Amino acid sequence: MQDLKKFRQCLSKFATGVTVVTCSNERGDCFGITANSFSSVSLEPPLVLWNIAKVSNSLQEFLQTKHFGINILTAQQKKESQTFAKSEHNIFNGIDYSVNEHNIPLLNNTLAHLICRTHAIHECGDHYIIVGEVTAYQSSDAQPLLFFDGSYQAIQ
Ligand SMILES: Cc1cc2nc3c(=O)[nH]c(=O)nc-3n(C[C@H](O)[C@H](O)[C@H](O)COP(=O)(O)O)c2cc1C
């Protein structure tokens, strides 16, 4: 690929929602990363996927975890999206969240969340594709946070 900037620009023309994918490790440390690569895959069995960059500081945690959460953000959660797009320690400080029975941190007041058991991991270019089997989910009627052309948007 000659011109990465142009390629990224082309990909940014695909409007998406915004998620924060979360997990914890054996010590109970929590990890979260903003991701718009989320997609549904299969209804039976219920499978979804997202992609994580190989350069992510949280890569090993997401490759090793048996369970993770997909938090779909509302139009009011731009701040959360910005927070989890940063490389920071104690990233959950100041975040409104609860921990479920699998020790997955789940953001409160999201548009939806899906609890996943890691189903498959595929190495793919500079990312890994992580496929999860959905074991529980919940949704609300709030408005979604959208990402398009490199910036946050809301439904007009
Ligand atoms: C709207 C948006 C969507 C993103 N989607 C992804 C994604 O799907 N996969 C990914 O690895 N990084 C994605 N990122 C970048 C990560 O959020 C960011 O690089 C990461 O949180 C940096 O911290 P880390 O290195 O500690 O993981 C996205 C960022 C934004 C703002």
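Everything in this summary refers to the structure shown in the same document. This structure is a prediction, so every number in the text was calculated from the model and none was measured.

Observations regarding the site of the ligand
Close to the ligand lie 17 residues, the nearest being Thr34, Ser37, Asn51, Ser56 and Phe84. Within the contact set of the ligand, an oxygen atom lies 2.6 Å away from a side-chain nitrogen or oxygen of Ser56. In this structure, Asn57 approaches the ligand through a main-chain N or O atom, which is 3.0 Å from an oxygen atom. Alone, the ligand offers 630 Å² of accessible surface; in the complex the protein occludes 79% of this. Listing elements by their share of the shell around the ligand, those giving two or more residues are strand 3 (30-35) and strand 5 (47-53). For the shell around the ligand, the class distribution of residues is eight nonpolar, eight polar and one charged.

Digging into the packing of aromatic side chains
Going through the model one piece at a time under the given rule, you end up with five aromatic pairs. Ring geometry for Trp50 versus Phe68: centroids 6.5 Å apart, planes at 55°, classification tilted. In this pair, Trp50 is assigned in strand 5 and Phe68 in strand 6 (residues 67-72), connecting sequence segments 18 residues apart. Assigned by exposure class, Trp50 and Phe68 land together as buried. Taken together, a centroid distance of 5.2 Å and an interplanar angle of 65° make the contact between Phe147 and Tyr152 edge-to-face. When its relative accessible area of 26% is taken as the criterion, Phe147 is described as partly exposed. Relative accessible area serves as the criterion here: at 25%, Tyr152 is assigned to the partly exposed category. Each member of the aromatic cluster is reached from another via a ring pair, and the members are Trp50, Phe62 and Phe68. Over the aromatic face of Tyr128 sits the side chain of Lys54, whose NZ or CZ is 5.4 Å from the ring centroid.

Structural notes on the sheet that holds strand 11 (residues 146-148)
Sheet architecture is open: three strands sit in the order 1-11-12, paired in antiparallel fashion. Of all strands in the sheet, those bounded by a partner on one side alone are strand 1 (16-17) and strand 12 (151-153). The pairing of strand 11 with strand 12 spans three bridges and is antiparallel. Residue pairing for strand 12: Phe147 is matched across the bridge by Tyr152.

Let's talk about the pattern of salt bridges
Scanning all chains against the criterion turns up four salt bridges. Residue Asp149 is joined to Lys13 by a salt bridge in which the shortest nitrogen-to-oxygen separation is 3.0 Å. Note that Asp149 is positioned in the loop between strand 11 and strand 12 and Lys13 in the loop between helix 1 (4-11) and strand 1, a separation of 136 residues in sequence. Note on Lys13: relative accessible area 47%, which makes it partly exposed.

Remarks on the pairing of strand 2 (residues 19-24)
Each regular strand carries side chains that alternate between the two faces of the sheet. Across the six residues that make up strand 2, a large majority, six, are buried. Both faces of strand 2 are covered, namely the face carrying Thr19, Val21 and Cys23 and the face carrying Val20, Thr22 and Ser24. Judged from the six bridges that link them, strand 2 and strand 3 form a sheet pairing that is antiparallel. Bridged to Cys23 within strand 3 is Phe31. Counting the residues in the hairpin turn of strand 2 and strand 3 gives five residues, including Gly28, whose phi is positive at 90°.

Here is what the cut-offs are and how they apply
Residues numbered from 1 in each chain as written. Predicted model: local features only at pLDDT ≥ 70, side-chain atom pairs only at ≥ 80, totals over all residues. Heavy atoms only, no water. Near = heavy atom within 4 Å. Polar contact = N/O pair within 3.5 Å; in protein donor to acceptor, adjacent residues only side chain to side chain. Areas by Shrake-Rupley, 256 points an atom, 1.4 Å probe, with all protein chains shown as cover. Helix = DSSP H or I, 4+ residues; strand = E, 2+ residues; numbered from the N terminus. Nonpolar A, V, L, I, M, F, W, Y, C, P; charged D, E, K, R; others polar. Phe/Tyr/Trp six-rings, centres within 6.5 Å; stacked < 30°, edge-to-face > 60°. Buried < 20%, exposed > 50% of the residue type's maximum accessible area, 1.4 Å probe, protein only. Lys NZ or Arg CZ within 6 Å of the ring centre and 35° of its normal. Pairing = 2+ DSSP bridges. Salt bridge = Lys/Arg side-chain N within 4 Å of Asp/Glu carboxyl O.

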